[in-house]
Amino acid sequence: MRALPRVQGIETANYEFPLDTKTGKRLDILLNATTRRGPDGAVTGVIGIGQDITELRTVSKARDAVATDLTQLLQTANAPIFGIGTDGQINVWNAKAAEISGYPEAETMGEPLTNFIAEDYRESVQKVLDEALQVSRIFLARLCFPVREWATVRLKQVGGDARRGCASGCFA
């Protein structure tokens, strides 16, 4: 019989494995094992502590499926969508944003959003983003992407009336 790593005294991390119950149900088990030693320090066995993580796995798979669906929706949306982290760096740039701006996702990720805003609007855009990140107020922002010139992108804080519209040639 082959000795288990712990019986040989080799330390291992947590180990996950499927366990088939007597009734045929399969459970996912997370096992933490520690070497059991005698008074002389010799390895005498293993003490294992298992945790049933079956439900956690099920919830995790469902969460992953929702995340995949949302990512696909975001990427295939017929509107430019971007996201920034609390550091102001771009972490989401969908296909439509790439299409209209001419900047592929790979060139925007990790860059400050304000790098892609017309210079005369950077300060006001940064203020809107900073306030939105503080979650002190709810903002309705509208992006205006001119068809021909990405450099004239405007990000405006829209009033409570949720007005729509954009200068000629823009997608809003």
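Small disclaimer: the values here were computed from a predicted structure and weren't measured.

Rules and cut-offs
- Residues numbered from 1 in each chain as written.
- Predicted model: local features only at pLDDT ≥ 70, side-chain atom pairs only at ≥ 80, totals over all residues.
- Heavy atoms only, no water.
- Pairing = 2+ DSSP bridges.
- Helix = DSSP H or I, 4+ residues; strand = E, 2+ residues; numbered from the N terminus.
- Expected span 1.5 Å × (residues − 1).
- Buried < 20%, exposed > 50% of the residue type's maximum accessible area, 1.4 Å probe, protein only.
- Arc of directions from axis to C-beta.
- Salt bridge = Lys/Arg side-chain N within 4 Å of Asp/Glu carboxyl O.
- Axes fitted to C-alpha atoms, helices over the stretch in contact; angles between N-to-C directions.
- Contact = heavy atoms within 4.5 Å.
- Phe/Tyr/Trp six-rings, centres within 6.5 Å; stacked < 30°, edge-to-face > 60°.
- Core = buried A, V, L, I, M, F, W, Y, C linked by side-chain atoms within 4.5 Å.
- Patch = residues over 30% accessible without salt bridge, like charges linked within 9 Å, V, L, I, M, F, W, Y side chains within 5 Å.
- Areas by Shrake-Rupley, 256 points an atom, 1.4 Å probe, with all protein chains shown as cover.

**Student:** Hey, could you go over the pairing of strand S1 (residues 15–20) for me, with residue numbers and the actual values?
**Tutor:** Relative to strand S2 (residues 26–37), S1 runs antiparallel, the two sharing six bridges. Residue pairing across strands places Asp-20 opposite Arg-26, the latter belonging to S2.

**Student:** Would you mind going over helix H4 (residues 122–133) in detail, with residue names and values included?
**Tutor:** The end-to-end C-alpha separation of H4 is 16 Å, in line with the 16 Å expected for 12 residues at 1.5 Å each. Of the positions making up H4, those classed as buried are Val-125, Val-128, Leu-129 and Glu-131. Viewed end-on, H4 has its buried residues packed into an arc of 165 degrees, placing them on one side of the element. H4 presents Glu-123 and Lys-127 as exposed residues on the side facing more than 90 degrees away from its buried surface.

**Student:** Summarise the pattern of salt bridges; cite the residues concerned and give the values.
**Tutor:** If you walk through the whole model with that rule in mind, you get four salt bridges. Glu-99 is the salt-bridge partner of Lys-96, the closest N and O atoms lying 3.4 Å from each other. In this pair, Lys-96 and Glu-99 both sit in helix H2 (residues 95–101), three residues apart, roughly one turn of the helix.

**Student:** So what's going on with the sheet that holds strand S3 (residues 43–52)? Residues and values would help.
**Tutor:** The pairing of strands in a sheet happens through backbone hydrogen bonds and is either parallel or antiparallel. Pairing is antiparallel across the open sheet formed by three strands, whose spatial order is S1-S2-S3. Every other strand in the sheet has two partners, leaving S1 and S3 as the edge strands with one partner each. On average, adjacent strands in this sheet sit at an angle of 45 degrees to one another, irrespective of strand direction. Sheet contacts for helix H1 (residues 54–76): S1, S2 and S3; angle to S2, the most-contacted strand, approximately 130 degrees.

**Student:** Which residues make up the packing of aromatic side chains, and what values do they have?
**Tutor:** According to the stated counting rule, one finds three aromatic pairs in the structure shown. Cluster of aromatic residues (ring-pair linked, three or more members): Trp-93, Tyr-103 and Phe-116.

**Student:** So what about the nonpolar core? Which residues, and what values?
**Tutor:** Of all hydrophobic cores here, the largest spans 10 residues; its members are Ile-84, Ile-90, Trp-93, Ala-97, Ala-98, Leu-113, Phe-116, Ile-117, Val-125 and Leu-129. Going through the elements one at a time, strand S5 (90–93), H2 and H4 are the ones with two or more residues in this core.

**Student:** So, the pairing of S3: which residues are in play, and what are the values?
**Tutor:** Note that S2 and S3 share nine bridges and pair antiparallel. From the neighbouring strand, Ile-29 faces S3, where its bridge partner is Asp-52. Linking two consecutive strands that pair antiparallel, namely S2 and S3, is a turn of five residues; a positive phi of about 90 degrees is found at Gly-41 within it.

**Student:** Could you give an account of a nonpolar patch on the surface, with specific residues and numbers?
**Tutor:** There is a patch of nonpolar side chains on the surface, built from Val-66, Leu-70 and Leu-73 and spanning about 300 Å² of accessible area. Owing to a relative accessible area of 52%, Leu-70 belongs among the exposed residues under this scheme.

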